[in-house]
Amino acid sequence: EGRAVASEAERGTGGAEASTAPEELASLRREVAARAAAEEELRSQLGSAVEARLEASAAAQDNTAGMAVLRTQLESAQLQLATQQALHESLSRDSSQTAARLREEAE
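This write-up is about the structure you can find in this document. (Residues numbered from 1 in each chain as written. Predicted model: local features only at pLDDT ≥ 70, side-chain atom pairs only at ≥ 80, totals over all residues. Heavy atoms only, no water.)

Right, let's get into the overall build of the protein chain. What the protein chain contains, in helices and strands, is one helix and zero strands. When the accessible area of the protein chain is evaluated, it comes to approximately 9400 Å², of which 57% is carbon and sulfur surface. (Helix = DSSP H or I, 4+ residues; strand = E, 2+ residues; numbered from the N terminus. Areas by Shrake-Rupley, 256 points an atom, 1.4 Å probe, with all protein chains shown as cover.)

This brings us to the pattern of salt bridges. Counting across every chain of the model gives three salt bridges. A salt bridge links glutamate 39 to arginine 43, with the shortest nitrogen-to-oxygen separation between them at 2.7 Å. Here glutamate 39 pairs with arginine 43, and both are found in helix 1 (residues 2-106), just four residues apart, close to one helical turn. Glutamate 39 gets classed as partly exposed once you look at its relative accessible area, which sits at 40%. With a relative accessible area of 53%, arginine 43 lands in the exposed category. Of the charged contacts, one joins arginine 101 and glutamate 105 as a salt bridge, the two residues approaching to 3.7 Å between their closest N and O atoms. Remark: glutamate 105 and arginine 101 occur in helix 1; sequence separation between them is four residues, near one turn of the helix. (Salt bridge = Lys/Arg side-chain N within 4 Å of Asp/Glu carboxyl O. Buried < 20%, exposed > 50% of the residue type's maximum accessible area, 1.4 Å probe, protein only.)

A contiguous nonpolar patch, built from Leu46, Val50 and Leu54 and spanning about 300 Å² of accessible area, is present on the exposed surface. Looking at the secondary structure, you find leucine 46 in helix 1. Of the residues examined, leucine 46 reaches a relative accessible area of 56% and is grouped as exposed. (Patch = residues over 30% accessible without salt bridge, like charges linked within 9 Å, V, L, I, M, F, W, Y side chains within 5 Å.)

Coordinates in, geometry out; function isn't part of it.
If you want it as structure tokens, here you go:
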């Protein structure tokens, strides 16, 4: 008789555990799903941050390349200006010398 009571008590406890097991399993599944969703959100945010960083880096490289092109163009323009100034000075000297020679010949 004592054995039958113990057996019933075990079954009762087992039954209580069995009834909470699906609830615990459902709770764990919800927790796993929530963590997976949070992880996916973090990955998405990280992906967006990385993408933004890559775009900023590409823009900086474009700016650097653009500055190099502008610097080269500026140097070229400065060289052209120096060449034109030298040519102008040379033509002015030639013109002055020609005018002086013509005056001498006229006298």
